[in-house]
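# Descriptive analysis of the structure
What follows is each chain in one-letter form.
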Amino acid sequence: MALFQPTWLGGTAEVLFRKHHEGVTDDIRWRLHTSGLTDADRDHFRTVWTQSAHQEWCAAGAFVALQEALLLAGAPVDLLGASGRFLADEMLHVQLACGMATAYGGGAPLEVDPAAIRPDVDRTLEPRLQVAELAIRVSCVGETFSLPLIASEFASASDPLSRKVLGRIAHDEAAHAKLGWLVLDWLAPALTDDERERLAAVADDAIDALRPALADDADNRATYDDILHKRVARPLRQRGIPVVATGFWQTAERRLPAHGPDGVARAVRGHSPRS
Ligand SMILES: [Fe+2]
Ligand SMILES: [Fe+2]
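Residues numbered from 1 in each chain as written. Chains lettered and ligands numbered in written order. Predicted model: local features only at pLDDT ≥ 70, side-chain atom pairs only at ≥ 80, totals over all residues.

## As for the nonpolar core
Among the nonpolar cores identified, the biggest contains 63 residues, and Leu 66, Ala 135, Ile 136, Val 141 and Ala 203 are the most heavily contacted of them. Those elements that provide at least two residues to this core are helix H2 (39-72), helix H4 (86-103), helix H5 (127-156), helix H6 (160-187), helix H7 (193-215) and helix H8 (221-238). Ranked by residue count, the leading element in this core is H5, at 13 residues. Once residues lying within four places of it in the same chain are set aside, the contact partners of Ala 203 are Ile 136, Val 141, Leu 236, Ile 241 and Val 243. (Core = buried A, V, L, I, M, F, W, Y, C linked by C-beta atoms within 7 Å. Buried ≥ 20, exposed ≤ 12 C-beta atoms within 10 Å, placed from the backbone. Helix = DSSP H or I, 4+ residues; strand = E, 2+ residues; numbered from the N terminus. Contact = placed C-beta atoms within 7 Å.)

Structure below.
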């Protein structure tokens, strides 16, 4: 374990990075009206936003793993190029979340496992199947749910700074969720029935991993179940992947098959509620 302590190099690195998101952070005024908050409130928000920064860091790791798998599998050039800016997007989100933690008084001490940035995937599988598994976990499930989670936070945020930051993060997530479906469109025609069954179990495992993050947001149960069915389960089934997709407030019954990876529940590396 190690303390999560993102750093900033400045100079040419900063200039090059800023070219990626020209102007996005220029008009952000990093000031919050915290006069009505107690010290405990401030500590809570410092912690929440520090955790968010680490989740964005892990989202970057998930995309890097997917991109590496795509390269190894000989994916189409335009498909690979389409995801090229996602690492920079997630680093912008890290920067924004760190800015929020700072506005509340500074980042909170957070012990993390540095290896947690590597999404779980059975690395004994052939590359195209690793790609399919990562695409489902990282993008089709994880990033698809990032957007409604952030939208929920946006709806409950009252201060202009939080709304500006959450709005910018949400702006990038739709494209992040699209990539997985493009990957599956490329791979699906060649998948065998056994491979489709296995990928369905992978999808159900990824859906199960989201339950803890959604459990506290009971106000949006109907929204999350609707997204699960319309934007995850239906498009997976349309691509021949027979996911069960048990509703988030029902008991999950499906688990990875015995011949699959280690069977340990794996978290989707992505976003979870900030409050
Ligand atoms: Fe993000
Ligand atoms: Fe993302």
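Next, the rest of the story.
## Some points on the confidence of the model for the chain
Looking at the chain, the pLDDT average stands at 87 and 91% of residues meet or exceed 70. Across residues 252-275, where pLDDT falls below 50, the model places 65 contacts with residues more than four positions away in sequence or in other chains. (pLDDT = per-residue confidence, 0-100.)

## Description of the packing of H5 against H6
Two elements in contact, H5 and H6, have axes whose closest approach is 8 Å; the angle formed by their N-to-C orientations is 155°. Comparing their axes, H6 and H5 come out roughly antiparallel. By crossing handedness, the relation of H5 to H6 is classed as left-handed. For the contact of H5 with H6, the per-class residue count stands at 20 nonpolar, six polar and five charged. (Axes fitted to C-alpha atoms, helices over the stretch in contact; angles between N-to-C directions. Parallel < 35°, antiparallel > 145°, perpendicular 65-115°, else oblique. Left-handed = near helix turned anticlockwise from the far one by under 90°. Nonpolar A, V, L, I, M, F, W, Y, C, P; charged D, E, K, R; others polar.)

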